[in-house]
Amino acid sequence: MSLSPTSDIVGASKKSGGLIGLLLVAVPVLLIGWMIIYPIIAAVITTLWLRNDAGAYVFSTQTYRFFFTDGYSLANLGLTLWTTVVCAIILLVVCLPIALYLRFATGRLAVYVQGLAIFPLFVPSIILSYAFIRVLGPNGMLDILLNAAHLPKIRSPYLTPWGPVIGLVWDHIPLTVLILMAGLGSVSDASIEAAKDVGAGPVTRLWYIILPRISNSILVAASFAVLGIFSAFTLPYVLGPAAPEMMGPFMQRTFRDLYDPPNAITQAVVSFGFCIVFGLFYVRSVVRNQRAR
Amino acid sequence: MLLAYDTTKLKPEDAPKTWDALVAWIKANPGQFIYNRPDKGGAGGNFVRRAIWEVNGRDPSKFTIDNYKEFGDKALPPAWELLKSLAPSMMDQGAYTSGNTQSIQLLSQGAVTMVPAWSDQALQAISTGVLPETTGLVQLTDLALAGGFTKIGVFTNGVNKDLALKLCDFVLTEEIQSAVITELGGFPGVSWDYVSKELHDKYKDVIPASIPVFPSGDWEKNINDGWYRNVAPNVDRSK
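Only a predicted model underlies this, so the values are computations on that prediction, with no experimental measurement involved.

Peer 1: I tried to follow the domain arrangement of chain A on my own but got confused; where do I start?
Peer 2: A common way to state how big an interface is: give the accessible area lost once the parts meet. All names here are of chain A. Once the domains are mapped, chain A shows domain 1 (1–60) and domain 2 (70–292). The C-alpha centroid of domain 2 is placed 30 Å from the C-alpha centroid of domain 1. Contacts between domain 1 and domain 2 engage six residues on the former and six residues on the latter. Among the residues forming the side of domain 1 that touches domain 2, the class breakdown is four nonpolar, two polar and no charged.

Peer 1: When you look at the confidence of the model for chain A in this model, what are you seeing that I'm missing?
Peer 2: Parts of the model with low pLDDT should not have their predicted coordinates read in detail. Residues and elements named next belong to chain A. Scored by pLDDT, chain A has a mean of 88; 94% of the residues are at 70 or more. By mean pLDDT, helix 1 (residues 4–10) is the weakest element of chain A at 47, and helix 8 (residues 162–184) is the strongest at 94. Segment residues 1–13 is flagged for pLDDT under 50; beyond a separation of four residues in sequence, or across chains, it makes ten contacts in the model.

Peer 1: Would you take a moment to explain the interface of chain B and chain A for this structure?
Peer 2: With 20 residues of chain B at the interface, the matching set in chain A holds 17 residues. The set of elements that each furnish at least two residues to the side of chain B that touches chain A consists of helix 4 (100–108) and helix 9 (218–231) of chain B. Tallied by class, residues from the side of chain B that touches chain A come to seven nonpolar, seven polar and six charged.

Peer 1: I tried to follow the packing of helix 3 (residues 68–86) of chain B against helix 9 of chain B on my own but got confused; where do I start?
Peer 2: The packing of two helices is summarised by the inter-axis angle and the distance between the axes. Residues and elements named next belong to chain B. Remark: helix 3 packs on helix 9, axes separated minimally by 10 Å, with the N-to-C direction vectors making an angle of 35°. Crossing handedness for the pair helix 3 and helix 9: right-handed. Of helix 9, the residues touching helix 3 (which contributes Tyr68, Gly72, Leu76, Trp80, Leu83 and Lys84) are Asp218, Trp219, Asn222, Ile223, Gly226, Asn230 and Val231.

Peer 1: Got a minute to help me understand the sheet that holds strand 2 (residues 114–117) of chain B in this structure?
Peer 2: Strand pairing in a sheet takes place through backbone hydrogen bonds and is either antiparallel or parallel in direction. Residues and elements named next belong to chain B. Sheet architecture is open: three strands sit in the order 2-1-3, paired in antiparallel fashion. On the outer flanks of this sheet lie strand 2 and strand 3 (135–138), each paired with one strand and no other. Between one strand and the next, the sheet's axes are offset by a mean angle of 30°, whatever the strand orientation. The pairing of strand 1 (residues 2–6) with strand 3 spans four bridges and is antiparallel. Among the inter-strand pairings, Asp6 is bridged to a residue of strand 3, identified as Thr135.

Peer 1: Explanation requested: the confidence of the model for chain B in the structure shown.
Peer 2: On average, residues of chain B score 88 in pLDDT, and 95% of them reach the 70 mark or higher. Here the prediction assigns the complex a pTM of 0.84, and the interface score ipTM is 0.81.

Peer 1: I would appreciate a short explanation of the environment of A:Asn76 in the present structure.
Peer 2: Mapped onto the elements, A:Asn76 comes out in helix 4 (residues 71–104). We classify A:Asn76 as buried; it has 23 C-beta atoms within 10 Å.

Peer 1: Hey, could you run me through helix 4 of chain B in this one?
Peer 2: Three or four residues apart is the spacing at which side chains of an α-helix point the same way, because the helix has 3.6 residues per turn. Within helix 4 of chain B, nine of the nine residues are buried, which leaves it mostly tucked inside the rest of the structure. Buried residues along helix 4 of chain B sit against helix 6 (125–136) and helix 11 (234–239) of chain A together with strand 1, helix 2 (42–54), strand 2 and helix 5 (119–127) of chain B. The positive-phi residue at the C-terminal boundary of helix 4 of chain B is B:Gly110, with phi of around 70°.

Peer 1: Explain the domain arrangement of chain B to me, please; I cannot follow it from the model alone.
Peer 2: All names here are of chain B. Domain parsing of chain B yields domain 1 (2–147 + 211–231) and domain 2 (149–208). Each partner contributes to the interface: domain 1 provides 13 residues, whereas domain 2 provides nine residues. Listing elements by their share of the side of domain 1 that touches domain 2, those giving two or more residues are helix 5 and strand 3. With four residues, helix 5 is the largest single contributor of residues to the side of domain 1 that touches domain 2. Its residues assigned to classes, the side of domain 1 that touches domain 2 comprises eight nonpolar, four polar and one charged.

The rules behind these values
- Along each chain, the written sequence defines residue order, and numbers are assigned to residues from 1.
- Throughout, the order in which chains and ligands are written sets their labels, letters from A for the former and numbers from 1 for the latter.
- Selection of residues for local features in this predicted model requires a pLDDT of at least 70, selection of side-chain atom pairs for listing and counting requires 80 or more, and totals for whole chains, interfaces and linings are taken over all residues.
- A domain assignment, automatic or from a database, supplies the domain bounds used here.
- Throughout, a pair of residues is in contact if the C-beta atoms placed from their backbones lie within 7 Å.
- Only Asp, Glu, Lys and Arg are considered charged, only Ala, Val, Leu, Ile, Met, Phe, Trp, Tyr, Cys and Pro nonpolar, and every remaining residue, Gly among them, polar.
- Values of pLDDT, ranging from 0 to 100, describe the predictor's confidence in every residue of the model.
- Counting from the N terminus, the helices are DSSP H or I runs at least four residues long and the strands are E runs at least two residues long.
- For helices, the fitted line uses only the C-alpha atoms of the stretch in contact; every axis is such a line through C-alpha atoms, and the angle between N-to-C directions lies from 0 to 180 degrees.
- It is the rotation of the near helix from the far one that decides the hand of a crossing: anticlockwise by less than a right angle makes it left-handed, clockwise makes it right-handed.
- Paired strands, as defined in this entry, are two strands with at least two bridges between them according to DSSP.
- Whether a residue is buried, exposed or partly exposed follows from its count of other C-beta atoms within 10 Å of its own C-beta, namely 20 or more, 12 or fewer, or something in between, respectively; the C-beta atoms are built from the backbone.

Next up, the structure:
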């Protein structure tokens, strides 16, 4: 967006318009600097300059070496990556059809479907966790329904790695659907109709008309999901297994229960390292999007 | 800390009252017991601490706030072996809930038959209907599951010191101490001579002769970390 029309109206020069723009963005930029950039730098410094036995601070990669040689820590990192990848794939597989349906459907049913898809946004994850135990836990609602239909009980995903996966996917459906729908907004009805007129089937239309236009949105949706899931806390805490555990509960436990801030911060920096890769994907796609305009 | 169980599946007279009987019951009834991770709530934490006492001669006096350095490496590994041997008999071959509340929820859903629980939380759950009326409570009599005392401190130079002492007097009255037993399932802060004999006889199953307390200090973080590194992983839950 450009500020030039405003400056034309008030008759101010271009230069002061730029100044107003800078002032407008100053608050969020300062907040990001203070609450995000500074803690990142501080965290990296605290994990690399450790106090030795003599009480002096010296450069040391000890906590990182411990993390990357400790089987237990690596298993936790592995589980976190597995959960993130599995959730991202399931989210796209589940949300793309919903978004496509909502983009092209009309009528009352679509309104209800949209309401249902957005609903998880308003459910706090702690409530979701306990509801999960009630529904999918052992002897939960699903087991009761299966029993009523004379079917065997399920092997409950509660306290296994699939518990957090199911919870996190449900929790992230609204954001993913909204981002994909925003992307689908740029697919014009005319291009779909044109493809239909020349005889393109639904799969061809999806593959050659729709997907290329929303590839950016898919990337953004995936990045958001990955960032949210990698650092998830409540759902893995309540629903996941005791070991291996995801990085969120692992960090909190190291910090609060083992009284070990240096190693907890090291785990945080390692997690940040993985998340920044996906963050860069997102930034790149936003920049590419703006250039395209 | 005591054990809450489902009396429709386990008759009160058969409920284990010693550690050995509890272990025998757990192994004879695989999948019917679960305790929470020791750092995520006192119920599981004190169950783990009871196991540590068990393999160290059942003598809480051996553990002091500052003797982890000398005693820790000797005291903890046998307890991890004991707890690991119980893992295959836990719910889902080695699942551990992440809090006192989740264990109670599993008990209320009938997914397990017995869980360690805080006496006050279990009694409250029964009175609010979260746990059914048929829930039984039992304490181990050979050595009780560890508990913690509630402390009230009064500043000697406090502005309202006299009022604070008055409150302490009130808390120590027979009325309140009886309520600690009946309403909270807690252990009285005064000698049994100061509460009625009827109460003592009625609650003797859940209230032990004394409440052992496990020291914190370095023990706490090493028990927490040791459990996560030794007991929680290496379980085969695929069956």
